[in-house]
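A structural walkthrough
Residues per chain are reported as follows:
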Amino acid sequence: MAKLNENYLNIKQSYLFSEIAKRVNDFCAENPDKKVIRLGIGDVTLPLGSLVIDALHSAVDEMGKAETFKGYGPEQGYDFLRNGIKDYYSRNGVELEADEIFVSDGAKSDTGNFTDMFSVDNTVLVPDPVYPVYVDTNTMNGRKIIYMDGTAENGFLPMPDDSVKADVIYLCSPNNPTGAVYNKEQLKAWVDYANKNDAVILFDSAYECFVSEPGLPRSIFQIEGAKTCAVEFCSLSKTAGFTGTRCGYTVVPKAIVKKTSDGRTLSLNQMWNRRQTTKFNGVPYIIQRGAAKVFTEEGMLEAKGMIDTYRKNAKLISDTMDELGVKYTGGINSPYIWFECPFNMYSWDFFDKMLKEIQVVGTPGAGFGKNGDNYFRLTSFNNYENTKEAMERFKTLFK
Ligand SMILES: *Cc1c(COP(=O)(O)O)cnc(C)c1O
């Protein structure tokens, strides 16, 4: 008899977005005349930039000519893209080697697939609230997960605790769902903890391009010592609107080398290379040409224009919270605004109140972990007019 992976029985069913959809659909069916504004979207809404589109078009044409047609490409990504990413890091003060960069179809698959690199008997440390992928993928492998609390007291930025022994640590900054960002001193404390405990940090920087305050790190490799303990996952999804186009990259420094139980050594970079060449056949050439455009200076300007649009919406939301005296994190260096539910409400009750009274949809914090029970997430991925109207309506809750 084929025995199935029973760890799947331990994964909590994620009812979050289906439950939200159900409540919204029920409301719309009963109130067809009411206009619902969705600020729960975790997906970009602006189309791809015209420079990216041009690059995609020319790559399509190349595929149609015998002289320029491409079949299988390198599993790790074409050199033109790996070098483009390398130069992008270099402009931000981080020197990498091109073969430390692995191009992929996105950060979600890479963060999940990276669990292949670790033995099941590691202890995994995950923040709460959290992006559910880290928890679910480790649960699928049967790994022990411990949590660190993100709370109003620590600004939703849990810090290392020397009494806690963790082997693999997930950090996401700017954070989804809280929008909180670690500063350099805080990240240095994590890097020091990891180096001291021989741990590995899996750093999700999918929102790095939203960092606007000077001095805040956009990459963990801006922190001294990170190259011996950290792997960085990044994506063009939020940077350049690639959620449907699919392209990301993971940086695995060659300096992460661990001893095996029998005294030999394993290089994480070589292992990931082996894993990818075995289980992955690379990102489509066409997509990589579009992605490479993003890393040029003009491409970055185009992407920045899109980010600025979302940023304006985020400012509208955070200004409204300031005006109403609602406590929040995020908004400045993140597309997310994470706030304490007003009127001491539980997040699902506040969700229902918003839907029924003002027809604005957000995401209840309870969906991201126990520390989210009394919190709520709004996103800036709608257009300016809708965001403005939603905030006018939001204010009426306080009248
Ligand atoms: C959106 C997002 C990503 C990006 O995932 P892709 O698979 O590259 O689209 C990664 N991490 C977090 C926390 C996200 O919110």
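Residues numbered from 1 in each chain as written. Predicted model: local features only at pLDDT ≥ 70, side-chain atom pairs only at ≥ 80, totals over all residues. Heavy atoms only, no water.

**Quick word on the pairing of strand 6 (residues 200-204)**
Among the five residues of strand 6, five are classified as buried, and the element is accordingly described as predominantly covered. Here strand 6 shows no split at all, with Val-200, Leu-202 and Asp-204 on one side and Ile-201 and Phe-203 on the other all buried. In this structure, strand 5 (residues 168-172) lies alongside strand 6, joined through five bridges in parallel fashion. Considered in strand 6, the bridge of Ile-169 is made with Ile-201. After leaving strand 5, the chain enters helix 6 (residues 184-197) and then returns to the sheet as strand 6, a path that is right-handed. Note that strand 6 and strand 7 (residues 230-235) share four bridges and pair parallel. (Buried < 20%, exposed > 50% of the residue type's maximum accessible area, 1.4 Å probe, protein only. Helix = DSSP H or I, 4+ residues; strand = E, 2+ residues; numbered from the N terminus. Pairing = 2+ DSSP bridges. Right-handed = clockwise from strand over helix to strand, strands pointing away.)

**Examining the site of the ligand**
By nearness alone, 14 residues border the ligand, and Asp-204, Tyr-207, Ser-235, Ser-237 and Lys-238 come closest of all. Separating an oxygen atom of the ligand from a backbone N or O atom of Lys-108 is a distance of 2.9 Å. Take Tyr-207: an N or O atom from its side chain is 2.5 Å from an oxygen atom of the ligand. Here the ligand, which alone exposes 390 Å², has 93% of that area covered by the protein. When atoms are counted within 2 Å of each cavity's grid points, the one that captures over half of the ligand is the largest pocket. Those elements giving two or more residues to the shell around the ligand turn out to be helix 4 (107-113) and helix 7 (236-240). (Near = heavy atom within 4 Å. Polar contact = N/O pair within 3.5 Å; in protein donor to acceptor, adjacent residues only side chain to side chain. Areas by Shrake-Rupley, 256 points an atom, 1.4 Å probe, with all protein chains shown as cover. 1 Å grid on protein atoms, 1.4 Å probe; cavity = no way out; pocket = protein on both sides within 12 Å on 5 of 7 lines; lining within 4 Å. Sits in = over half its atoms within 2 Å of the grid points.)

**Comments concerning the packing of aromatic side chains**
Summed over the entire model, instances satisfying the criterion amount to 30 aromatic pairs. Ring geometry for Phe-114 and Trp-272: centres 4.6 Å apart, planes at 45°, overall tilted. In this pair, Phe-114 sits in the loop between helix 4 and strand 3 (123-128) while Trp-272 sits in helix 8 (residues 268-279), placing the two residues 158 residues apart along the sequence. By relative accessible area, Phe-114 is classed as buried at 0%. For Trp-272, a relative accessible area of 0% puts it in the buried group. Here Trp-338 and Phe-368 contribute two aromatic rings whose centre-to-centre distance is 6.1 Å and whose plane-to-plane angle is 70°, an arrangement assigned as edge-to-face. (Phe/Tyr/Trp six-rings, centres within 6.5 Å; stacked < 30°, edge-to-face > 60°.)

**Quick word on the sheet that holds strand 5**
The strand order across the open sheet built from seven strands is 2-8-7-6-5-3-4, with neighbouring strands paired in mixed fashion. What marks the edges here is a single partner per strand, and that holds for strand 2 (101-104) and strand 4 (144-149). Along the sheet, successive strands turn relative to each other by an average axial angle of 20°, direction set aside. Helix-sheet contacts for helix 3 (residues 79-91) involve strand 2, strand 7 and strand 8 (248-251), and the interaxial angle to strand 2 is about 120°. (Axes fitted to C-alpha atoms, helices over the stretch in contact; angles between N-to-C directions. Contact = heavy atoms within 4.5 Å.)

**As for the environment of Val-294**
Following the sequence through the fold, Val-294 ends up in helix 9 (residues 285-294). Residue classification places Val-294 among the buried residues on the basis of a relative accessible area of 1%. Along the chain, Val-294 and Thr-68 lie 226 residues apart, while their C-alpha atoms are 22 Å from each other. Residues contacting Val-294, with those up to four places away along its chain left out, are Val-52, Leu-236, Thr-239, Ala-240, Phe-242, Gly-299 and Met-300.

**With respect to the sheet that holds strand 14 (residues 363-364)**
Pairing is antiparallel across the open sheet formed by four strands, whose spatial order is 11-12-15-14. What marks the edges here is a single partner per strand, and that holds for strand 11 (328-330) and strand 14. Here strand 12 (residues 336-340) pairs with strand 15 (residues 375-379) via five bridges, running antiparallel. Across the sheet, residue Ile-337 finds its bridge partner in strand 15, namely Leu-378.

**Topic: the layout of surface pockets**
Quantified by volume, the largest pocket comes out at close to 680 Å³. When contributions to the lining of the largest pocket are tallied by element, the ones reaching two or more residues are helix 1 (16-30), helix 4, helix 5 (133-140) and helix 7. Its residues placed into classes, the lining of the largest pocket shows 13 nonpolar, eight polar and seven charged. As a volume, the second largest pocket reaches approximately 500 Å³. Lining the second largest pocket are 21 residues, with Lys-12, Gln-13, Ala-366, Gly-367 and Gly-369 positioned closest to its centre. Listed by contribution, the elements that provide at least two residues to the lining of the second largest pocket are helix 1 and helix 5. Top element by residues in the lining of the second largest pocket is helix 5. It accounts for three residues. Of the residues assigned to the lining of the second largest pocket, the class counts are ten nonpolar, six polar and five charged. (Points joined across faces, edges and corners; volume = space filled by probe spheres on them. Nonpolar A, V, L, I, M, F, W, Y, C, P; charged D, E, K, R; others polar.)

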